[in-house]
Amino acid sequence: MFTPLKPEVYQRLEQAVLDIFSHSDFHKANIRDVANRAGVSFSTIYKHYGSKERLVFAFVDVWLGKLTERIYDHLQGIEDLKEKMRKVLWLQLDYYERNPGLARIIFMTLPMETWMADETFKQKKMINLYLEVMRNGQKEGQLNPHVRAGVLLDFMLGTVQRAFTMWISRGQQGRLTDQASMLFEMVWRAISNPGNDRN
């Protein structure tokens, strides 16, 4: 068992991972680059994380965990399903706008196949939270009951990913959250129950 990293060392390492992997080709960046940027020895990083992949995934897991907690907190007290889902979409766009380095890593620079092979890709707490909202919406007759909840979720998350990628491509003009209302209404029309007059 090794000694945990000191908070100031962890913070320098976190910033180095964010800086390097949000703007570099994943395959070309390495632990030595991170060590040099963070002012931490290669052996210390290797001892704690073991590989470049585990290093990056560990921080991505922490950052996405913060998003999950934020969403969970903001959903408390919102009863209406449509407003819950509107809030979820806005919170994702807002979080990625505030943390573009994280979004660049998970949407643009991280090889998806590599990440998919790691346990952190599943983001169980976040996905289960989303799926619970989706399934409740299906039970209440507000969301399309003929499509798996996971497919409805994929549609919404795919919209967020595309919106961020194109926001970067277009030079980050305006705020990413400026699109939230328009995007949500499009998503809602796509996933809501076509037989429900309330939608």
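If you're wondering where the values come from, they're calculated on a predicted model, not measured in any experiment.

The subject of this paragraph is the packing of aromatic side chains. This structure, assessed with the given rule, holds 11 aromatic pairs. Centroid distance Phe 107 to Phe 164: 5.9 Å. Interplanar angle 50 degrees. Geometry classified as tilted. Taken together, the residues Phe 107 in helix H6 (residues 100-109) and Phe 164 in helix H9 (residues 149-169) connect sequence positions 57 residues apart. An angle of 90 degrees between the planes, with centres 5.0 Å apart, marks the rings of Trp 115 and Phe 121 as edge-to-face. Judged by relative accessible area, which is 6%, Trp 115 ranks as buried. Note on Phe 121: relative accessible area 31%, which makes it partly exposed. The ring of Phe 42 has Arg 32 sitting right over it, with the charged end atom 4.2 Å from the ring centre. It is Lys 52 that lies over the ring of Phe 26; its NZ or CZ is 4.7 Å from the centre.

The topology assignment puts Tyr 49 in helix H3 (residues 42-49). Spatially, the C-alpha atom of Tyr 49 lies 32 Å from that of Ala 163, the residues being 114 residues apart in sequence. Excluding anything up to four places from it in sequence, Tyr 49 contacts Leu 5, Tyr 10, Leu 13, Arg 54, Leu 55, Ala 58 and Phe 59.

The next point concerns the pattern of salt bridges. Taken as a whole and assessed by the stated rule, the structure comprises 12 salt bridges. The partner of Asp 19 in a salt bridge is Arg 37, with the nearest N and O atoms 3.6 Å apart. Here Arg 37 lies in helix H2 (residues 31-38) and Asp 19 lies in helix H1 (residues 7-23), a separation of 18 residues in the sequence. On the accessibility criterion, Asp 19 (29% relative accessible area) is partly exposed. Glu 119 serves as the salt-bridge partner of Lys 124, at 3.4 Å between the closest nitrogen and oxygen. Connected through shared salt-bridge partners, Arg 70, Asp 94, Glu 97, Arg 98 and Arg 175 make up one network.

Applying the stated criterion across every chain, the model contains 1 cavity of 30 Å³ or more. Of the volumes computed, that of the largest cavity is approximately 50 Å³. For the largest cavity, the full set of lining residues is Met 85, Val 88, Leu 129, Tyr 130, Val 133, Met 134, Leu 153 and Met 156. Here the element with the most residues in the lining of the largest cavity is helix H8 (residues 124-139); it accounts for 4 residues.

With that out of the way, let us pick up unusual backbone geometry. Residues other than glycine seldom take positive phi values, yet Gln 123 does so here, at roughly 40 degrees. Here Gln 123 shows up in the loop between helix H7 (112-116) and H8. Exposure remark for Gln 123: the relative accessible area of 11% places this residue in the buried category. One non-glycine residue with positive phi stands out, namely Gln 172, at about 55 degrees.

This next bit is on helix H5 (residues 81-98). In this model, H5 (18 residues) spans 26 Å end to end at C-alpha, consistent with the 26 Å of a helix rising 1.5 Å per residue. Regarding H5, the residues found buried are Leu 81, Met 85, Val 88, Leu 89, Leu 91, Gln 92, Leu 93, Asp 94, Tyr 95, Tyr 96 and Glu 97. Here the buried face of H5 lies against helix H4 (52-75), H6, H8, H9 and helix H10 (180-191). A distance of 3.3 Å separates the backbone nitrogen of Lys 82 from a side-chain oxygen at the start of H5, and that oxygen is part of Asp 80.

Moving on: the nonpolar core. Most often, soluble globular proteins keep nonpolar side chains buried together rather than apart. Ranked by internal contacts, the top residues of the largest apolar core, which has 64 residues, are Met 85 and Tyr 96. The dominant element in this core, judged by the number of residues it contributes, is H4, at 10 residues. Beyond its immediate chain neighbours, meaning those up to four positions away, Tyr 96 contacts Leu 64, Leu 67, Leu 102, Ala 103, Ile 106, Phe 107, Val 160, Phe 164 and Leu 176.

Each value, and the rule that gives it
Residues numbered from 1 in each chain as written. Predicted model: local features only at pLDDT ≥ 70, side-chain atom pairs only at ≥ 80, totals over all residues. Heavy atoms only, no water. Phe/Tyr/Trp six-rings, centres within 6.5 Å; stacked < 30°, edge-to-face > 60°. Helix = DSSP H or I, 4+ residues; strand = E, 2+ residues; numbered from the N terminus. Buried < 20%, exposed > 50% of the residue type's maximum accessible area, 1.4 Å probe, protein only. Lys NZ or Arg CZ within 6 Å of the ring centre and 35° of its normal. Contact = heavy atoms within 4.5 Å. Salt bridge = Lys/Arg side-chain N within 4 Å of Asp/Glu carboxyl O. 1 Å grid on protein atoms, 1.4 Å probe; cavity = no way out; pocket = protein on both sides within 12 Å on 5 of 7 lines; lining within 4 Å. Points joined across faces, edges and corners; volume = space filled by probe spheres on them. Expected span 1.5 Å × (residues − 1). Polar contact = N/O pair within 3.5 Å; in protein donor to acceptor, adjacent residues only side chain to side chain. Core = buried A, V, L, I, M, F, W, Y, C linked by side-chain atoms within 4.5 Å.

The quantities given are spatial measurements derived from coordinates; they are silent on function.
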